[in-house]
Amino acid sequence: MSKTTKGIICLIISSFAFAAMAAFVRLAGDINFIQKAFFRNTMSFLIALVLLIKDGMINGKDSLIIPKGALLFLIFRSIGGSVGIFGNFYAIDHLVLSDASILNKMSPFFAIVFSYLLIKEKIKLVPLIAIIVAFLGSILIVKPSFDFQATLPTLAGFAGGIGAGFAYSCLRKLSLLKCNGKVVVLFFSAFSMLLSIPFMIVNFEPMTAYQVTMLVLAGCCAAAGQFGITAAYFNAPAREISIYDYSQIIFSAAFGFFLFDQLPDVYSVIGYVIIISMAILNFVYNKKKAE
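For the structure given in this document, a descriptive report is provided here.

Reading the values: the criteria
Residues numbered from 1 in each chain as written. Predicted model: local features only at pLDDT ≥ 70, side-chain atom pairs only at ≥ 80, totals over all residues. Heavy atoms only, no water. Helix = DSSP H or I, 4+ residues; strand = E, 2+ residues; numbered from the N terminus. Expected span 1.5 Å × (residues − 1). Core = buried A, V, L, I, M, F, W, Y, C linked by side-chain atoms within 4.5 Å. Buried < 20%, exposed > 50% of the residue type's maximum accessible area, 1.4 Å probe, protein only. Contact = heavy atoms within 4.5 Å. 1 Å grid on protein atoms, 1.4 Å probe; cavity = no way out; pocket = protein on both sides within 12 Å on 5 of 7 lines; lining within 4 Å. Points joined across faces, edges and corners; volume = space filled by probe spheres on them. Arc of directions from axis to C-beta. Patch = residues over 30% accessible without salt bridge, like charges linked within 9 Å, V, L, I, M, F, W, Y side chains within 5 Å. Areas by Shrake-Rupley, 256 points an atom, 1.4 Å probe, with all protein chains shown as cover. Salt bridge = Lys/Arg side-chain N within 4 Å of Asp/Glu carboxyl O. Axes fitted to C-alpha atoms, helices over the stretch in contact; angles between N-to-C directions. Parallel < 35°, antiparallel > 145°, perpendicular 65-115°, else oblique. Left-handed = near helix turned anticlockwise from the far one by under 90°. Nonpolar A, V, L, I, M, F, W, Y, C, P; charged D, E, K, R; others polar.

1. Things to note about helix α1 (residues 3-27)
Here is step 1: Spanning 25 residues, α1 covers 36 Å between terminal C-alpha atoms, matching the ideal 36 Å at 1.5 Å per step.
Here is step 2: A positive backbone phi angle near 85° is found at glycine 29, which sits one or two residues after α1.

Structure, rendered in structure tokens:
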């Protein structure tokens, strides 16, 4: 199996896991989004820690080593990923699931931009056009207005997509530096948890057993999604596999319809079509270019 094929499979599995995570986050009910993000990151941290201990990379013969030059990009990846999670979780609580998902899926376009800035992967004319048109398509979903309170969830979701795109470009750089994928997940999860703790101390909301269960399941799905997407971008560059990340929209729409009776409005659907069309255009262009 080629590395590109492995990357595609990992990305589709990751997309399903992240869609399931969003559904469980929504099912957890009326809890602050930062508290939800904390539980999500706690599960990812614990799973990554157990796997690293099992591999003997913590207090074992193969001690945990961060490659030279990787620490800065681990920090950058963690900052971008934290912005992505907080923005996405806020959007999940206030928007139709498929809307929150498609705004987060602006990340592959931003990943192309940030990959140019970080590791000098050149942007050709067709991808540049795709990025611009996709941004215009996202406006149909965001529906900007002078009512900031009404627009805030979509702006948060869009900001989450920017943060995630930056994080994914850092993943690509970390793969070039040969940084272990489990280390990336562990570092990011710990970083994001630390960001959440001050808020948790001041604004912790008591939870029922049902809510805890939903958040634990969300955390498990998030961990699966995180390991999947890390493996995907370690195996192949964003320009070759990013189109398959959009399978999450299908999964999210299905969860939203069957669990919450959600249907996106006409403008959002048009925005979906534009963004996914640009993703397909960019994917086909890069495939032909590679051939």
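2. Some details on the nonpolar core
When a protein is soluble and globular, its nonpolar side chains tend to lie buried together.
Here is step 1: Judged by nonpolar contacts, the single largest core of 67 residues is most densely connected at Met21, Phe89, Ile92, Ile102, Phe109, Tyr246 and Ile275.
Here is step 2: Here the element with the most residues in this core is helix α3 (residues 70-94); it accounts for nine residues.
Here is step 3: Apart from residues lying up to four places away in sequence, phenylalanine 89 is in contact with Met21, Val25, Phe33, Lys36, Ala37 and Arg40.

3. Notes on empty space enclosed by the protein
Here is step 1: With the rule as written, the count across this model stands at three cavities of 30 Å³ or more.
Here is step 2: The computed volume of the largest cavity comes to approximately 210 Å³.
Here is step 3: Along its surface, the largest cavity is lined by 17 residues, and Phe18, Arg40, Ile85, Asn104 and Tyr168 are the ones closest to its centre.
Here is step 4: At the level of secondary structure, the elements contributing two or more residues to the lining of the largest cavity comprise α1, α3 and α7 (148-176).
Here is step 5: For the lining of the largest cavity, the leading source of residues is α3, giving six residues.

4. Observations concerning helix α6 (residues 125-142)
Every α-helix carries 3.6 residues per turn, so stepping three or four residues along brings you back to the same face.
Here is step 1: Taking 1.5 Å per residue as the helical rise, α6 with its 18 residues ought to reach 26 Å, and the 26 Å between its terminal C-alpha atoms agrees with that figure.
Here is step 2: Listed in full, the buried residues belonging to α6 are Pro127, Ala130, Ile131, Ala134, Gly137, Ser138, Ile141 and Val142. Buried residues of α6, seen end-on, are gathered within an arc of 145° and therefore sit on one face of the element.

5. Here's the deal with a nonpolar patch on the surface
Here is step 1: A contiguous nonpolar patch, built from Leu125, Leu128, Ile129, Ile132, Phe135, Leu136 and Ile139 and spanning about 630 Å² of accessible area, is present on the exposed surface.
Here is step 2: Assignment of secondary structure puts leucine 128 in helix α6.
Here is step 3: In this structure leucine 128 comes out as partly exposed when scored by relative accessible area, which is 41%.

6. Looking at the packing of α3 against helix α8 (residues 181-203)
Here is step 1: Axis separation between α3 and α8 bottoms out at 9 Å; the angle between their running directions is 55°. Regarding the angle of α3 to α8, the classification is oblique. Here the hand of the crossing between α3 and α8 comes out right-handed. Taking contact as the criterion, the partners of Leu71, Leu74, Ile75, Arg77, Ser78, Ile79, Gly81, Ser82, Ile85 and Phe86 in α3 are, on α8, Val184, Phe187, Phe188, Phe191, Ser192, Leu195 and Ser196.
Here is step 2: Across the contact of α3 with α8, the residue classes tally to eleven nonpolar, five polar and one charged.

7. Let's talk about unusual backbone geometry
Here is step 1: A positive phi angle, close to 65°, is found at lysine 178, a residue other than glycine.
Here is step 2: As for its placement among the helices and strands, lysine 178 is situated in the loop between α7 and α8.
Here is step 3: Overall, lysine 178 belongs to the exposed group, its relative accessible area being 70%.
Here is step 4: Its identity is not glycine, yet aspartate 261 carries a phi of approximately 55°, on the positive side.
Here is step 5: Tracing the backbone through its elements, the reader meets aspartate 261 in the loop between α11 (247-260) and α12 (266-290).

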